[in-house]
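# Summary of structural features
Each chain is listed here by its residues.
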Amino acid sequence: MFNVQIISIILSAILFLFVIELVRKGVLKEKYSILWFASTFVLLLLAVWKGLLDRIAAIVGIFYAPSLLFLVAFIFLLLIVLHFSVVISRMSEKNKKLAQELGLMKLKIDRLENQASDDEK
Amino acid sequence: MKNGESKKVLIIIPAFNEEQNIEYVISCVKKELPYYDILVVNDGSWDRTGHIARELGAIVIDLPYNLGIGATMQTGYRYASRNNYHIAIQVDGDGQHPANQIKKLVQVVGDGMADMAVGSRFIVNGGYKPTMSRLIGMRYFSGLLSLILRQRLTDTTSGFRAVNKGVIDFFSRTYPEDYPEVEALVLLHKSGFKIREVSVDMKDREGGQSSITPFRSLYYMIKVSLAIFVEMLRKINK
C-alpha cells in the first residue's frame, strides 16, 4: 500500500508540473488545459491525502482503495476525450465555412480582375 | 413556362473529377435552357473538370480541397442566396439527370406548388433499374421518410431537385454533410417547407460503375438513419 501511494504521488506530481510547463511555454492553450489541471490536481490530492481516498473508496464500495485512483483517472480521461471530440467538430465546421468562403471569394476576385482588364481596353 | 422565364434561375452542378461527363452535362443544359445560369462547384478535382466547365462558359467555384458533397452543394446555395436567385436546381455532374426534365421541376416550384420539387424515378416506372442492394436502401428510406413526413415519397435519395428562394436561404445556412439528400428532406419538413415529388425519366449512370457496393449500402443506411434520428431531436434555428 505504501509503495503504491509513493508511485501515485510521484506520477501525478510529474503530470501536474508537466501540464503547467506546457501552458507556460504556450504549447498548450489555457482553454484546453483546464480539464488537465483539474484531473491532475484531483489525482495528486487523492494520492497525498490517503484518508480522503479511503473514505471515498469505502462510500463507493471499493475494497482496494488505490484502484479508486484508476477510476478517477479514467473518468477524467473520458471527459477530456469527449471535450476534444466537441472541439474537433467545432473546428471542422469552421474549416468548412472557411473553405466555402475562399471558393466564393476567388470567383469574385476573378470577376473583378476580368472587369478591370476589360475596362483598360 | 410563363413563370420560369422572368425569374432568375441557377443550375448548380457539384463536380468531383468529372472530366468525362461534365462537358456533356453542361452542353445538354445549355442547349435545353440557354437563359439559365450554370454554376459548377468544383470540389477539389485534380483533373480538368474546372477548366472544361470554364471553357464552356459556366460559372465555376473551385473549392481549395475536397469538402464532400454536402458542403459542395451548400457552397452553391450560398452563391445562389447572395446573388438573389429565385430558383436553384441541383443536377448531378455525372450525367444521370436529363436536362430536358429540369423544366418540370422548375415549373412546380415557380408556380408555388411546393418549396422543393424532387425528381422521382419511381412514380412512373421508366428505364431506371438500380442494383438489388441499392433498391433495398431506396425502399427503406422511402418508407421511413413517408412515415416521418406523412406524405408518400418514392425517391428520397434523388439528387435531382429544384428549390425556391426560401429554401435557398435556408440551405445556405444549414445543409447536411455526408449523404445529404435524405437528411435534407427531414430538415425541410421540420422547418415547415413543402416538398413535392415530380415524375422524371432518369437514365442509368453515364459511363463507369457506381461506387455503391452492398456493404456501402448498409453503411449508408445505418449512417443516414442515425442522422435522421439526431435530426429529429435537434433544434433548428430557421
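Residues numbered from 1 in each chain as written. Chains lettered and ligands numbered in written order. Predicted model: local features only at pLDDT ≥ 70, side-chain atom pairs only at ≥ 80, totals over all residues. Heavy atoms only, no water.

Residue and element names in this part refer to chain A. Structurally, Ile6 is set in helix H1 (residues 2-25). Assessed through its relative accessible area of 35%, Ile6 is described here as partly exposed. Once the C-alpha coordinates of Ile6 and Val48 are considered, the two residues, 42 residues apart in sequence, prove to be 8.5 Å apart. (Helix = DSSP H or I, 4+ residues; strand = E, 2+ residues; numbered from the N terminus. Buried < 20%, exposed > 50% of the residue type's maximum accessible area, 1.4 Å probe, protein only.)

This brings us to the environment of Ile89 of chain B. Residues and elements named next belong to chain B. In this structure, Ile89 sits in strand S4 (residues 87-90). With a relative accessible area of 0%, Ile89 lands in the buried category. Residues Ile89 and Leu10 lie 79 residues apart in sequence; the distance between their C-alpha atoms is 6.3 Å. Apart from residues lying up to four places away in sequence, Ile89 is in contact with Val9, Leu10, Ile11, Ile12, Tyr36, Ile102, Val106, Arg161 and Ala162. (Contact = heavy atoms within 4.5 Å.)

The next thing to look at is the packing of helix H5 (residues 132-149) of chain B against helix H7 (residues 180-190) of chain B. Residue and element names in this part refer to chain B. Across the interface, H5 lies against H7 with an axial gap of 11 Å and an inter-helix angle of 5 degrees. When the axes of H5 and H7 are compared, the pair comes out roughly parallel. Judged by residue contacts, Phe141, Leu145, Ile148 and Leu149 of H5 engage Val182, Leu185, Val186 and His189 from H7. A class-by-class count of the residues in the contact of H5 with H7 yields seven nonpolar, one polar and no charged. (Axes fitted to C-alpha atoms, helices over the stretch in contact; angles between N-to-C directions. Parallel < 35°, antiparallel > 145°, perpendicular 65-115°, else oblique. Nonpolar A, V, L, I, M, F, W, Y, C, P; charged D, E, K, R; others polar.)

All names here are of chain B. Here Glu18 shows up in the loop between strand S1 (9-15) and helix H1 (22-32). What makes Glu18 buried here is its relative accessible area of 14%. Setting aside residues up to four positions removed in sequence, Glu18 forms contacts with Asp47, Thr49, Gly93 and Asp94.

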